[in-house]
Amino acid sequence: MASSEIEVVSDSQAQKNPNEVTVFDVFSASAYGDFEKLRKFVEEDGFSLSKPDGNGYYPLQWASLNNFTDIVQYIIEHGGDVNAGDNSQQTALHWAAVRGQIAVADVLLQNGARVEAADVNGYRAVHVAAQYGQTAFLNHIIAKYNADFDVPDNDGRSPLHWAAYKGFADTIRLLLFRDACQGRQDKEGCTPLHWAALRGNIEACTVLVHAGTKQELMVKDNAGFNPVQLASDKGHRHVAFFLSNAQQGAQQALGRQNLRWEDREYRLCPDIILCYSPCNSPLHQLSSCSKDPGYIKRSGVFSNHTDSEDPLLNIDLNNSSIWTGNWSQLCPTCKIIRPVRSKHCPACKHCVEQFDHHCPWISNCVGKRNKWDFFIFICLGTLSSFLAAAVTIQRIWTALPALPSEETWIHHVVVQHPGVVTFLVLDTIILIAATTLTTAQASQIARNITTNELANAIRYGYLRGPDGQFRNPYNHGCRKNCADFLIQGYTNDDEIAWPPLQQVAS
Ligand SMILES: [Zn+2]
């Protein structure tokens, strides 16, 4: 598959400084961006710009590859054909797509280049952009020139197949966001998920599975393999494990589609022990259970919270010149550009603001709008399990009778009160778990960082400083973090202690 891709001959040469290389013809002048010499060759020496070099490549291709817009314009005005194809029928637009040269693509397309021009393999500019992970370029030609992003090449592979095969997760997000077909099978019967599984790219598989349906997990290729089998066949154990979990999850979900309430109560079982004390109000627990954790609505407006409406949610991706942001903020499932710090929860099927984690105990996400309730809930859980242990031990102690000298008090309690001992053991386990959870949450609140950010810090560009080291732009110091959390219940993301890296860069 990879061998048949576009091959760009000696393109590393073309990045050299024009002063350091010998510019001896129109091809090298175009490749190195030497406008003066190009003009001399054409206007004084009478060289043609419409003929290819010995390898069949045109001056327009060389200039397009290296984003020399003025030269591209000049070549078009002096006889260069925008749609001329080399030996493999690739045009200048194909070459611009390799490096994602948007400015050159604009010049070519506005001068009559065909956006759907295909080479001998049936690759169009959209395929090449997907093969090289040029997400912004791909979005640009789709938005501005209506490029068909779902078109198959000669082997039946769409740009989504290529992005999945190459493991470009952001390109996959963009294509899914634009409703590219996930179920398409190529000539070998492979879906994009088959190719991602074959290459063992976990991020690509994750994006495809979360945005897809259970059908894609079951589809078999012409050799009779589904994506799980392909991944384990190739020795990608991580990916095979993830995919088979997803497969089981999809099958289980089918069996309990109409049993949401039963499911929720079943999951609450461990909590019933936590609720035994009047101190741990079941009402409070239920409020963090059922409360909206900060779901971001598909329509592009926050649910019930007009105060926190994020400008990102109103950006139209078709107006691609405005948005140069982080492609990982696209949610292919909710079809929104989600704010920084939010994440899509596959269990709740929503994007959640300031996503912390999905808690199986309360069968809900913990996010911006219910973190305060959740924190109070685990504090009360810790307190009540501590009180219960203290009261139990005190009761046992005061109820101890005078024992004969050969019997120890431990033996007496275990034999006489097995129920109390079982309760105490369970309560101690809960006390340890609740104390650990409360301490971890309190420390995260003091640093204004979520559990998700701590776990995936390496994947989030906004959590890195210019030196590449970890730094949290939302940390306003322990006192302010705690005060904001205790008073409002959340911290305001608009107040950034220092601008994150991606904003500095753009
Ligand atoms: Zn989402």
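The name an unreviewed UniProt entry gives the protein is S-acyltransferase, with Liquidambar formosana as the organism. Per its UniProt entry, the protein bears the Sequence similarities (unreviewed entry) comment "Belongs to the DHHC palmitoyltransferase family." Database annotation for the protein, UniProt heading Catalytic activity (unreviewed entry): "L-cysteinyl-[protein] + hexadecanoyl-CoA = S-hexadecanoyl-L-cysteinyl-[protein] + CoA".

A. Molecular detail of the overall build of the protein. When helices and strands are counted, the protein shows 23 helices and 7 strands. In the protein, which comprises 506 residues, the proportion classed as buried is 48%. Carbon and sulfur atoms make up 55% of the accessible area of the protein, which amounts to about 24400 Å² in all.

B. Broad picture of the coordination of the zinc ion. Within the protein, Cys-331 (SG), Cys-334 (SG), His-344 (ND1) and Cys-351 (SG) serve as the donor atoms for the zinc ion, at 1.9 to 2.4 Å. For the zinc ion, the 4 donor atoms in the first shell make angles of 100 to 126° at the metal, so the coordination geometry reads as tetrahedral. We note that the donor set of the zinc ion lies within a single chain, spaced as C-x2-C-x9-H-x6-C. For Cys-331, a relative accessible area of 1% puts it in the buried group. We classify Cys-334 as buried; its relative accessible area is 4%.

C. Region of the structure containing the sheet that holds strand E5 (residues 350–352). Taken in spatial order, the 3 strands line up as E1-E5-E4 in an open sheet, and their pairing is antiparallel. Every interior strand has two partners, whereas the edge strands, strand E1 (295–296) and strand E4 (343–345), have only one.

D. Main features of a nonpolar patch on the surface. Among the surface-exposed residues, Trp-397, Trp-409, Ile-410, Val-414 and Val-415 lie close enough to one another that they form a single nonpolar patch of about 530 Å² accessible area. At 4 residues, helix H19 (residues 409–416) tops the list of elements feeding residues into the nonpolar patch. Following the sequence through the fold, Val-414 ends up in helix H19.

E. The arrangement of the packing of aromatic side chains in detail. One pass over the structure, following the stated rule, counts 12 aromatic pairs. On the numbers, 5.6 Å between centres and 85° between planes, the contact of Phe-41 with Phe-47 is edge-to-face. Residue class for Phe-41 comes out buried when judged on its relative accessible area of 8%. By way of ring pairs, the aromatic residues Tyr-123, Trp-162, Tyr-165 and Trp-195 are connected into one cluster. Stacked on the ring of Tyr-165, the Lys or Arg Arg-199 has its end atom at 4.5 Å from the ring centre. Positioned above the aromatic ring of Tyr-474 is the side chain of Arg-341, whose terminal nitrogen or guanidinium carbon lies 4.5 Å from the ring centre.

F. Just the pattern of salt bridges, in detail. Taken as a whole and judged by the stated rule, the model has 14 salt bridges. Close ionic contact of Lys-144 with Asp-106 constitutes a salt bridge, the shortest N to O distance being 3.7 Å. Within this pair, whereas Lys-144 is found in helix H8 (residues 135–145), its partner Asp-106 is found in helix H6 (residues 102–110), the two being separated by 38 residues in sequence. Measuring nitrogen to oxygen at the nearest pair gives 2.8 Å for the salt bridge that ties Lys-335 to Asp-179. Residue Lys-335 is located in the loop between strand E2 (330–331) and strand E3 (336–337), and its partner Asp-179 is located in the loop between helix H10 (169–177) and helix H11 (192–199); the two are separated by 156 residues in the primary sequence. Asp-179 gets classed as exposed once you look at its relative accessible area, which sits at 53%. One connected set of salt bridges, linked through shared partners, spans Asp-155, Arg-157, Asp-186 and Glu-188.

How each quantity is defined
Residues numbered from 1 in each chain as written. Predicted model: local features only at pLDDT ≥ 70, side-chain atom pairs only at ≥ 80, totals over all residues. Heavy atoms only, no water. UniProt positions renumbered as here; feature names shortened; annotations may be inferred. Helix = DSSP H or I, 4+ residues; strand = E, 2+ residues; numbered from the N terminus. Buried < 20%, exposed > 50% of the residue type's maximum accessible area, 1.4 Å probe, protein only. Areas by Shrake-Rupley, 256 points an atom, 1.4 Å probe, with all protein chains shown as cover. Donors = N, O, S within 2.8 Å, 3.2 Å for Na, K, Ca; no water. Tetrahedral: all angles 85-135°; square planar, octahedral: opposite > 155°, others 65-115°. Pairing = 2+ DSSP bridges. Patch = residues over 30% accessible without salt bridge, like charges linked within 9 Å, V, L, I, M, F, W, Y side chains within 5 Å. Salt bridge = Lys/Arg side-chain N within 4 Å of Asp/Glu carboxyl O. Phe/Tyr/Trp six-rings, centres within 6.5 Å; stacked < 30°, edge-to-face > 60°. Lys NZ or Arg CZ within 6 Å of the ring centre and 35° of its normal.

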